[in-house]
Amino acid sequence: MAVVTRGFTGRGHSDPKLPPGQYLTEDFPVLSAGPTPRIDLNKWQFTVVTEAGGRHTWSWQELLALPSEDVTVDIHCVTKWSKLGTRWRGVSIDTLLADVESSADYVMAHSYGGYTTNLPLEDLTDGQAWIAYRFDGENLAPEHGGPARLLVPHLYFWKSAKWVNGLEMMPEDSPGFWESAGYHIYGDPWREQRYYGD
Amino acid sequence: MDPMDYMDGNMLAGELREIFSMDVTAARGRCAGCGRMGMVAETRVYQHAAGLVARCPGCDAVLIRLVRAPDRAYLDLHGMSFLEVPLA
Amino acid sequence: MARATVLRRLTWQAASIADIRVETDTARTIVLDLPGWPGHVAGQHVDIRLTADNGYSAQRSYSVASAPADGRLEVTVQRVPDGEVSGYLVDIAQPGDVVEVRGPVGGYFTWEPEDPSPVLLVAGGSGIVPLMSMIRARSDVHSRVPFRLIYSTRGPADAIYADELRRRVRDDRGVDVAYAYTRTVPEGWPRPPGRLDAALLTASGWPADLGPAAFVCGPTGFVETVANLLVAQGNEPARIKTERFGPTGG
């Protein structure tokens, strides 16, 4: 049991609406495991690769031309901060996968800069996930994953891959960057699945 | 332009001393990516992440990852092909 | 290698604040009472952790400021804008308050008196702290190793330990200090405000062919710039030890 320091409150406020172990924050902490990629929008691409090798690619202009949604969601980071009512605009993964033929159950999300994270396909569909490119009424800033990031708010936010550039369909689950470093393979904040074996 | 939002491996000293009985930051390692030799203290450490990530100052490859849970730590050193540890 | 390490795994310990000294408007020296403090080697640091009563915690690393011979743990903390931990330690902490400490740690950025090489210390802002421990250690053991400190701050009011440095230049024999002020300079100062550059390193540092041991500490950008300048002047990279605080500094 850690020693409590008188008068220290830090940035974290408890709130009964939050998943276990989380604290509410008003700011938007920037968490990054490496240098921020700077991506030329003329070269930006998002690619879905199926387990059979099929490829579907969208350029930046093509992404912006797709039907988009404005969503307001709560987000929960495994480092314990949560932010409620965050506003995003993005393209639903359902839209992107509409013409993709796959029988795979799992997906690896890939990002510029090399980051990866794995998810079950069923957690990306049915209105649960987006490729988001606007946050809080503005274009998504590079340090928060811009130009576009994956947004999967029902899982810990490390699954919402910043600088996303593709989805790889996988028949079997395989751990991504943090999952292979000791974080939980699935990451449900409501069951507090932070670390391997939780 | 890299905004230099990293620290260096000196800040790993406390975390690694909870795991090892010696100071690892004064050890030299070889980057499994580019072969560069350098002190762990001189790696680029990104601390504002879900865990601590130390990268090679030469090629940015990940050298070390450390995830802390309340009662255990997960340490990945596979980004270094070896660590040279002074014993004398 | 730090001799202060003991063959045991290190972990967090409760420490109470014994005293707080004002250094500048934004910096305080915190004297900590840590039972079983084993002493430290100049340049080492400790991690300090604060926990709120709702369980929320934050931790940061701070260099040990005290002289090793004092046998006491003192850290000098500079308040960082929006700093969770530095904001508490500088503005709220009082003697009697309890924090958690892990340390001393660090076997790389250390100076030990056995090394006869002349020493170059280059500090950016709160990067002066571990270098001050080295200057104090030198005096403890009456070392004759010549030290040259180049200290970059925004202006004279931001220089931590200014009075003590003046006294040591006068009394310690073999310590020289040069300042680089980046925003405000005193009346009659020979250089306009500006960043530390190659010319000042040449004027106030050591010639590379003396093989000095260099210690550079401060914000990441500052350290990278200075280290590159030292290499360009002919110093071997292996003779330059660095400690980076991140973009904003301690």
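Cut-offs and rules
- Throughout, a residue's number is its position along its own chain's written sequence, starting from 1.
- Each chain gets a letter, beginning with A, and each ligand a number, beginning with 1, in the order they are written.
- Side-chain atom pairs in this predicted model are given and counted only at pLDDT of 80 or more, local residue features only at pLDDT of at least 70, and totals for whole chains, interfaces and linings cover all residues.
- The side-chain figures draw on all heavy atoms in the structure; neither hydrogens nor water molecules are used.
- For two strands to pair, DSSP has to find at least two bridges joining them.
- Put simply, DSSP marks the helices as runs of H or I at least four residues long and the strands as runs of E at least two long, and each gets a number from the N terminus on.
- Each axis is a line fitted through C-alpha atoms, taken for helices only over the stretch in contact, and angles between the N-to-C directions span 0 to 180 degrees.
- Two residues qualify as a contact provided that any one of their heavy atoms is within 4.5 Å of a heavy atom in the partner residue.
- Buried area, as used here, totals the accessible surface that two parts lose on assembly, with accessibility defined by a 1.4 Å probe and the loss added over both.
- Here, a salt bridge means any Lys or Arg side-chain nitrogen found within 4 Å of an Asp or Glu carboxyl oxygen.
- Counting of polar contacts relies on pairs of N or O atoms within 3.5 Å, with two restrictions inside protein: one atom must be capable of donating a hydrogen and the other of accepting it, and residues adjacent in sequence are counted only when both atoms are side-chain atoms.
- The classification used treats Ala, Val, Leu, Ile, Met, Phe, Trp, Tyr, Cys and Pro as nonpolar, Asp, Glu, Lys and Arg as charged, and all other residues, Gly among them, as polar.
- For every residue, the accessible area (1.4 Å probe, protein chains only) is compared with the maximum for its type, and the residue is labelled buried under 20%, exposed over 50%, or partly exposed between those bounds.
- Throughout, the arc means the angular range of directions from the helix axis out to the C-beta atoms.
- Residues grouped as a nonpolar core are buried Ala, Val, Leu, Ile, Met, Phe, Trp, Tyr and Cys residues, joined through side-chain atoms within 4.5 Å.

A. Main features of the sheet that holds strand β7 (residues 116-120) of chain A. All names here are of chain A. The mixed open sheet is built from five strands, whose spatial order is β3-β2-β11-β6-β7. Of all strands in the sheet, those with a lone pairing partner are β3 (55-59) and β7, marking the two edges. The mean inter-strand angle of the sheet, taken between neighbouring strand axes irrespective of direction, is 15°. In the sheet, strand β6 (residues 106-111) pairs with β7 via five bridges, with the strands oriented antiparallel. By the bridge assignment for β7, histidine 110 is matched with threonine 116.

B. Region of interest: the interface of chain B and chain C. In this assembly, 24 residues from chain B lie in contact with 29 residues from chain C. Summed over both partners, the interface of chain B with chain C buries about 2,100 Å², with 54% contributed by carbon and sulfur atoms. Ranking the residues of chain B by area buried against chain C places Asn10, Arg17 and Glu18 of chain B at the top, with a combined share of 27%. Between chain B and chain C we count three salt bridges in total. The closest approach of N and O atoms between arginine 244 of chain C and aspartate 8 of chain B, which form a salt bridge, is 3.0 Å. The tally of links between chain B and chain C comes to 13 residue pairs in polar contact (both at pLDDT 80 or more). Contributing elements (two or more residues each) for the side of chain B that touches chain C: β1 (7-8) and α1 (13-19) of chain B. For the side of chain B that touches chain C, a count of residues per class yields eleven nonpolar, four polar and nine charged.

C. Quick peek at helix α1 (residues 84-91) of chain C. All names here are of chain C. Burial of α1 is extensive: seven of the eight residues sit out of reach of the surface. For α1, the complete set of buried residues consists of Glu84, Val85, Ser86, Gly87, Tyr88, Leu89 and Val90. Taken together, the buried residues of α1 touch β2 (27-33), β3 (45-51), β4 (57-63) and β5 (73-78).

D. Highlighting helix α3 (residues 162-171) of chain C. Residue and element names in this part refer to chain C. Those residues of α3 lying buried are Ala162, Glu164, Leu165 and Arg168. On an axial view of α3, the arc spanned by its buried residues comes to 160°, and they lie on one face. The exposed set on the far side of α3, more than 90 degrees from its buried face, consists of Asp163, Arg166 and Arg170. The secondary structure elements touched by the buried residues of α3 are α2 (128-140), β8 (147-153) and β9 (175-181). Two residues or fewer after α3 comes arginine 173, characterised by a positive phi angle close to 55°.

E. The sheet that holds β1 of chain B, seen in detail. Residue and element names in this part refer to chain B. The five strands lie next to each other as β1-β4-β5-β6-β7, forming an open sheet whose pairing is antiparallel. Because the sheet does not close on itself, it has two edges, and the strands there are β1 and β7 (73-76). Pairing analysis gives two bridges linking β1 to strand β4 (residues 44-46), with the strands arranged antiparallel. When the sheet's bridge partners are listed, aspartate 8 is paired in β4 with arginine 44.

F. Examining the interface of chain B and chain A more closely. Contacts between the two partners involve 18 residues from chain B, matched on the other side by 19 residues from chain A. Broken down residue by residue, the surface that chain B buries against chain A is led by Ala50, Arg65 and Tyr74 of chain B, which jointly contribute 34%. Our enumeration of links across chain B and chain A arrives at one salt bridge. Of the charged contacts in the structure, one is a salt bridge between arginine 72 of chain B and aspartate 198 of chain A, with a shortest N-O distance of 2.9 Å. Counting across the interface, chain B meets chain A through eight residue pairs in polar contact (both at pLDDT 80 or more). Breaking the side of chain B that touches chain A down by element, the ones donating at least two residues are β5 (52-55) and β6 (62-68) of chain B. By residue number, the principal contributor to the side of chain B that touches chain A is β6 of chain B, which donates four residues. Along the lines of polarity and charge, the residues of the side of chain B that touches chain A split into ten nonpolar, two polar and six charged.

G. Up close: the nonpolar core. Ranked by size, the top nonpolar core spans 46 residues in total, and within it Phe46, Ile93, Leu124, Ile131, Leu150 and Trp178 of chain A carry the most contacts. For this core, the secondary-structure elements that each account for two or more residues are β2 (45-49), α1 (60-65), α2 (93-97), β6, β8 (130-135) and β11 (164-170) of chain A. Apart from residues lying up to four places away in sequence, isoleucine 93 of chain A is in contact with Leu124, Ala129, Trp130, Ile131, Leu150 and Leu167 of chain A. Grouped together as the second largest cluster of nonpolar side chains are 35 residues, Phe109, Val129, Ile135 and Phe147 of chain C included.

H. Just the environment of glycine 182 of chain A, in detail. Tracing the sequence through the fold places glycine 182 of chain A in the segment after β11. Note: C-alpha distance between glycine 182 of chain A and valine 164 of chain A (18 residues apart in sequence) is 22 Å. Ignoring sequence-local partners within four residues, the contact set of glycine 182 of chain A consists of Tyr195 and Tyr196 of chain A together with Val67 and Tyr74 of chain B.

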